[in-house]
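Structure at a glance
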Amino acid sequence: MQRVAIYPGSFDPVTNGHIDIIERGLKIFDKIIVAILHNPGKEYLFNIEERMDMLEKSTKKLENIELDAFNGLLVDFADQRKAQAILRGMRAVSDFEYEFQMALMNRRLNREVQTVFLMTGLRWIFTSSSIIKEAARFGGDVSGMVSSLVNRKLKEKFGFV
Ligand code: PNS
């Protein structure tokens, strides 16, 4: 049986920390489905096509991954895609409460799907899409935390090129 994990997120935009978790996940899962949350009620900096395009280009060297988008309950999507696990990255302790809550709710909703946490690489411990957007919005240098493509897209979005 193939071990399949869903790696869900907003990916607004994808960061080097996300890629690090995918690469680590590929060492334990046969396939990872990277699933972008497409919630029409939520405001994103990048629309679903832009987020998908950045993810596609940032992961093109990786094998055994698939990109998809979902809306609605994550556990329903996992069921639909026949995934046994939900993969999430854990950074600092501050992530714990939110992740714990989400994992327990997901377990309550579907006991068959296991949440697996992987520790992010130390160098990405403070990397998040939100903090990157905050810095980039005011012209801060975020190169090294995102791919050069995402760096350029952020500059375009905030009018720095
Ligand atoms: O990268 P993010 O924004 O922290 O990812 C959050 C995500 C997409 C994993 C989470 O919001 C999610 O799973 N949303 C779908 C709705 C759902 O199933 N929520 C969890 C149980 S209430």
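Structural notes, computed from the coordinates. Model, not experiment: these values are computed from the prediction. (Residues numbered from 1 in each chain as written. Predicted model: local features only at pLDDT ≥ 70, side-chain atom pairs only at ≥ 80, totals over all residues. Heavy atoms only, no water.)

1. Quick notes on the site of the ligand
Of all residues adjacent to the ligand, which total 13 residues, the nearest are G9, S10, L74, R88 and N106. Here S10 contributes a side-chain N or O atom positioned 2.6 Å from an oxygen atom of the ligand. Looking at the shell around the ligand, the elements that each hand over two or more residues are β1 (4-9) and α4 (96-109). If you tally residues by element for the shell around the ligand, the top one is α4, at four residues. Across the shell around the ligand, the residue classes break down as eight nonpolar, four polar and one charged. (Near = heavy atom within 4 Å. Polar contact = N/O pair within 3.5 Å; in protein donor to acceptor, adjacent residues only side chain to side chain. Helix = DSSP H or I, 4+ residues; strand = E, 2+ residues; numbered from the N terminus. Nonpolar A, V, L, I, M, F, W, Y, C, P; charged D, E, K, R; others polar.)

2. Quick word on helix α5 (residues 129-137)
Along α5, the residues classified as buried are S129, I132, K133 and A136. An end-on view of α5 places all buried positions within 100 degrees of arc, on one side of the element. Where α5 is buried, its residues touch α1 (16-25) and α6 (148-157). At the exit of α5 stands G139, carrying a positive phi of roughly 85 degrees. (Buried < 20%, exposed > 50% of the residue type's maximum accessible area, 1.4 Å probe, protein only. Arc of directions from axis to C-beta. Contact = heavy atoms within 4.5 Å.)

Function cannot be read off these values alone, since they describe shape.
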